[in-house]
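Here is what each chain is made of, one letter per residue.
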Amino acid sequence: MTVTEERTEAPAPEVGKARARKEDERLITGRTRWTDNITPPGLLHMAVVRSPYAHAKITSIDTTAAKEMRGVSLVATGEDLKDVQGVLANAWPITADQKTPVHLPMAIDHVACAGEIVAVVVARSAARARDAAELVDVDYEVLPAALDLKEAAADTVLAHPDLGTNKSAFWKLDSAEQGSGGNVDEAIAKARTDGIVIEREYRQQRLIPAFMEPRSVVVDPTQEQMTVWSATQVPHILRFLIAATMGISESKVRVIAPDVGGGFGGKLQTTPEEYVTIAVARRLGKPVKYTETRSESLLSAHHGRDQWQKLTLCAEKDGTVTGLKVELLADMGAYIALVGGGVPVLGAWMFNSIYKFPAYQFSVQTVLTNKTWVDAYRGAGRPEATYAIERLMDELAAEVGVDPLEIREKNWITHEEFPFTSVAGMTYDSGNYEAATAKARDLFGYDELRAEQQRRRDSKDPVQLGIGVSTFTEMCGLAPSRVLGSLSYGAGGWESATIRMLPTGKVEVVTGTSPHGQGHETAWSQIVADRLGVPFEDVEVLHGDTQIAPKGLDSYGSRSLVVGGEAVVKAADKVIENAKPAAAHLLEADIADIEFSAGQYHVKGTDKGVSLTDIALNAWTGHNLPDGMDPDIDGSATYDPVNFSFPHGTHLCAMEVDTETGQSTMRKYVCVDDIGVIVNPLIVEGQVHGGLVQGIAQALWEGAEFDDNGTLVTGSFVDYTLPTAADTISFVTDHTESPSTTNTLGTKGVGEAGTIASTPAVVNAIVDALRPLGINDILMPCTPERVWKAIQSAGATPDAETITEAQPHFSEGALNQDDPSNATEGGQQ
């Protein structure tokens, strides 16, 4: 054991360093372990038979031909597995009287959406299983399907006749009732007399997460403990629900999330395929694998968004906001997914955004239809809220006749007012909207682009320039547990971490978060390297295996760093405290005189010290420990936040819109995000860029469409138009920093910021370009066809009079038009 007589100079901090990700080498050199790569001995393969109908009774299933095919081990129906297949859970019933249809992994006598599993085939190869599945003959009695959200809300056709209604739950937040603000109806009534009232209806189209790696599951029941490998975001939650719903002891279930190729919320589900694979593997007593095709993924993995949003904003004549009323219809699809009903509820605290509304009311009616079920998709409730309020703020600016940035500055929370309790009851701990906006404005060249816009209008240029603004905040880190409990959420919001000091001087970090592209192995290593004073390269992060990391609540909702990272910090601090008695003993000093820095313990006022890694070796040998001390300095911690974190930012977008063709082309995009302290700028840059593309894609390209029979017509990447790098431009990104005051790292969240802010920035830009023509909205995605039809329906061309007057046009009659091709004045659908 080496006791030194001089202090070690502290290395440069790791936090804040743009480290290349530790994970990337194996990912880009093909040394990954995707679930589909896992092949236990004796592995069999499963294929599924899915309903082609949105709503039908199953009258018969003939499996004879499939069973006779060579190499087939099992053909099973829902009836065959009804006692062992379990049931899919809804973990967030948003009201006590929520209507929740029973969601079986495999249908028995009826189907409620296209793509629902009705039979499975298990064979020696995946190809043989798929071939045999085509031989399963299913007869259906087709039933009327509830497909249109508004018609479903009126119970025109019932998605589940046994429930007697399509209305699942009604949830409301009212600032007057909870004491956080005034009466919104009174504010609106007053504004109708002596102020401004703006009423709009916006459509959040249905989206598909479309992660890179299709979902896959491998189940090995051959050992005493069943092992489940799954491409999931939530291995701990999956393990719990398997045990809770399938009658298997939790100690007999091990879930491993190996390398997972993206999720975006689309893999936080517990899926029918996971349950059915477990059921057939246990029946056969052999390992079974199921990997979906891309078309299966687009059809049967859960979808996102899908709302009608009716909004009423009232303000004084100078544009000072006085109230906001939000009324949502939210399509849940055929079943209430794991947190499905709670996703629109998450937006309840974010429609008011960064603005000082004195009165506010939010309500949502969740509705069942005969379409694929809906759950969280990147942002989960926050993008929907941000889109609506940012579109409305542009409308208010147009009504008052001021610049969109000016109307926002007039109404936002100033940096001196933090911490600030919003009208929705949330306490924002820190922020500086002025700083982020000033930096974004400068990087964007805002005044110059406005001047160019005016020149184009004056010259009657057929290609008009629009400038879109989005100033946003979001709530990250789904927690604290008591708040979630008060909302009837079925789990907590805490996170767990353990740090093991190995006798060789290396460090193992065991985290309950479960990454799928976020870079936890790198960021956690940076945090621990700084906290414990050990080399970055000597830290290894273990995750995604419920046997190695038995405690955790996984990754979603931008919670990993602000909750899981804080648990890592607390575990590191426990290591430091646990090693102090040994340090005092070795340094022959009182424990009160021991201080720690740069990986070394010293006696205060002297240079005499000993390293943490030396103490780890000493603890392992147990040769020279103080009396009563166990040979263990490892640290474990659980962290439950006291509040959410609230990143924010300003996004500015310039779009060129060809008024003759409807083509919209992005000219420039600048975003300045405030996510608190940045652990790794390189990882942050990747998260922001990826988020931007997903949000922009909602504005311009993506949308899941069903035909009149409930068939998904965007069931491949030919029709569901994901953007590629060739479809986007180079973004200008930057940051300001307002550290969070609710955690020791000062971090906020970044995984969803780009997606939340970018959609309204793009649509605001397109509408800004066309506003002189009398257009105030276009249904997303803003395809050239829809833009062109909006121009034609407005009955305007870019002549001198319409361009220079630039008067806003509001069309109340357009609010109830559901046909995307039936554009009315203003393009409002």
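Per-chain numbering applies: the sequence of each chain, read as written, is numbered from 1 onward. It should be noted that, the model being predicted, local features are given only for residues of pLDDT at least 70 and side-chain atom pairs only at 80 or more, the latter also being counted only at that level, while totals for whole chains, interfaces and linings use all residues. In computing side-chain properties, one takes all heavy atoms of the structure into account and sets aside hydrogens as well as water.

A. Structural view of unusual backbone geometry. Residues Phe 418 and Pro 419 are joined by a peptide bond in cis, for which omega reads -5°. With respect to the helices, strands and loops of the structure, Pro 419 is situated in the loop between helix H12 (404-411) and strand E16 (420-421). Note that the residue after Met 780, namely Pro 781, is joined by a cis bond; omega there is -10°. Under the scheme used here, helices are H or I runs from DSSP no shorter than 4 residues and strands are E runs no shorter than 2 residues, and both carry numbers assigned from the N terminus. For Pro 781, the location among the structural elements is in the loop between helix H20 (753-770) and helix H21 (784-794). Of note in this structure, Ala 598 is not a glycine but carries a positive phi near 50°. Looking at the secondary structure, you find Ala 598 in the loop between strand E22 (594-597) and strand E23 (600-603). Per-residue accessibility, obtained with a 1.4 Å probe over protein chains only, is compared with the maximum for each type, and a residue is labelled buried under 20%, exposed over 50%, and partly exposed between these values. Ala 598 gets classed as partly exposed once you look at its relative accessible area, which sits at 27%.

B. Region of interest: the environment of Ala 96. Within the fold, Ala 96 resides in the loop between strand E3 (72-77) and strand E4 (110-111). For the pair Ala 96 and Ala 169, spaced 73 residues apart in sequence, the C-alpha to C-alpha distance is 8.7 Å.

C. Seen up close, the packing of aromatic side chains. Each pair of aromatic rings taken from Phe, Tyr and Trp, with Trp reduced to its six-membered ring, is defined by centres within 6.5 Å and is described as stacked if the planes are under 30 degrees apart, edge-to-face if over 60, and tilted in the remaining cases. The tally for this structure, following the rule as stated, stands at 13 aromatic pairs. Aromatic side chains Trp 92 and Tyr 489 sit 5.2 Å apart centroid to centroid with 80° between the ring planes, which places their arrangement in the edge-to-face category. Within this pair, whereas Trp 92 is found in the loop between E3 and E4, its partner Tyr 489 is found in the loop between helix H15 (481-486) and strand E19 (495-501), the two being separated by 397 residues in sequence. Take Trp 92 and Tyr 489: they sit in the same class, and that class is buried. Aromatic rings pair up to connect Trp 171, Trp 349, Phe 351 and Phe 362 into one cluster.

D. Representation of the sheet that holds strand E28 (residues 732-736) in the model. Two strands are counted as paired when DSSP detects at least two bridges linking them. Across the sheet, which stays open at both edges, the four strands sit in the order E18-E26-E27-E28 with mixed pairing between neighbours. Strands at the two margins of the open sheet, each flanked by one partner only, are strand E18 (463-473) and E28. Averaged over neighbouring strand pairs, the angle between their axes works out to 15° when direction is ignored. Two strands pair when backbone bridges link them, and strand E27 (residues 664-674) and E28 are joined in this way by five bridges, in the parallel orientation. Note that in E28 the partner of Asp 673 across the bridge is His 735. With axes taken as lines fitted to C-alpha atoms, and helix axes fitted only over the stretch in contact, angles between N-to-C directions fall between 0 and 180 degrees.

E. Local environment of the confidence of the model for the protein. Per-residue confidence from the prediction method is given by pLDDT, with values spanning 0 to 100. When pLDDT is averaged along the protein, the result is 94; 96% of the residues meet or exceed 70. The contact rule is simple, with two residues in contact once any of their heavy atoms fall within 4.5 Å. This model gives residues 800-829 a pLDDT under 50, and the stretch forms 77 contacts once residues within four places in sequence are excluded.

F. Molecular detail of the sheet that holds E22. Overall, antiparallel pairing links the three strands, which are arranged E22-E23-E24 in an open sheet. On the outer flanks of this sheet lie E22 and strand E24 (609-611), each paired with one strand and no other. If you compare each strand with its neighbour and ignore which way they point, the axes differ by 25° on average. Across three bridges, the pairing between E23 and E24 is antiparallel. Considered in E24, the bridge of Gln 600 is made with Ser 611. Of the strands in this sheet, E22, E23 and E24 touch helix H17 (residues 560-587), which is tilted by about 50° from E23. Sheet strands in contact with helix H18 (residues 612-621) are E22, E23 and E24, and its direction is about 70° off that of E24.

G. Inspection of the side chain of Thr 227 at higher detail. Its place among the elements puts Thr 227 in strand E10 (residues 226-230). With a relative accessible area of 11%, Thr 227 lands in the buried category. Apart from residues lying up to four places away in sequence, Thr 227 is in contact with Val 218, Val 219, Asp 220, Arg 254 and Ile 256.

H. Spatial organisation of the pairing of strand E9 (residues 216-220). Burial within E9 is extensive, with five of its five residues counted as buried. Judged by which residues are buried, E9 turns out to be covered on both faces: Ser 216, Val 218 and Asp 220 on one side and Val 217 and Val 219 on the other are all buried. Pairing analysis gives four bridges linking E9 to E10, with the strands arranged antiparallel. If you follow Val 219 over to E10, its bridge partner there is Val 228. Between E9 and E10, which follow one another and run antiparallel, lie five residues.

I. View of the pattern of salt bridges. Definition used for salt bridges: Asp or Glu carboxyl oxygen within 4 Å of a side-chain nitrogen of Lys or Arg. Under the definition given, this model contains 53 salt bridges. The residue Arg 391 makes a salt bridge to Asp 777 at a minimum N-O spacing of 3.0 Å. In this pair, Arg 391 sits in helix H11 (residues 382-400) while Asp 777 sits in the loop between H20 and H21, placing the two residues 386 residues apart along the sequence. Residue Arg 391 is classed as buried on the basis of its relative accessible area of 0%. Overall, Asp 777 belongs to the buried group, its relative accessible area being 3%. Between Asp 768 and Arg 450 there is a salt bridge whose closest N-O contact spans 3.1 Å. A residue pair is termed long-range when its members are at least 10 positions apart, and Asp 768 in helix H20 and Arg 450 in helix H14 (residues 446-458) qualify at 318 residues.

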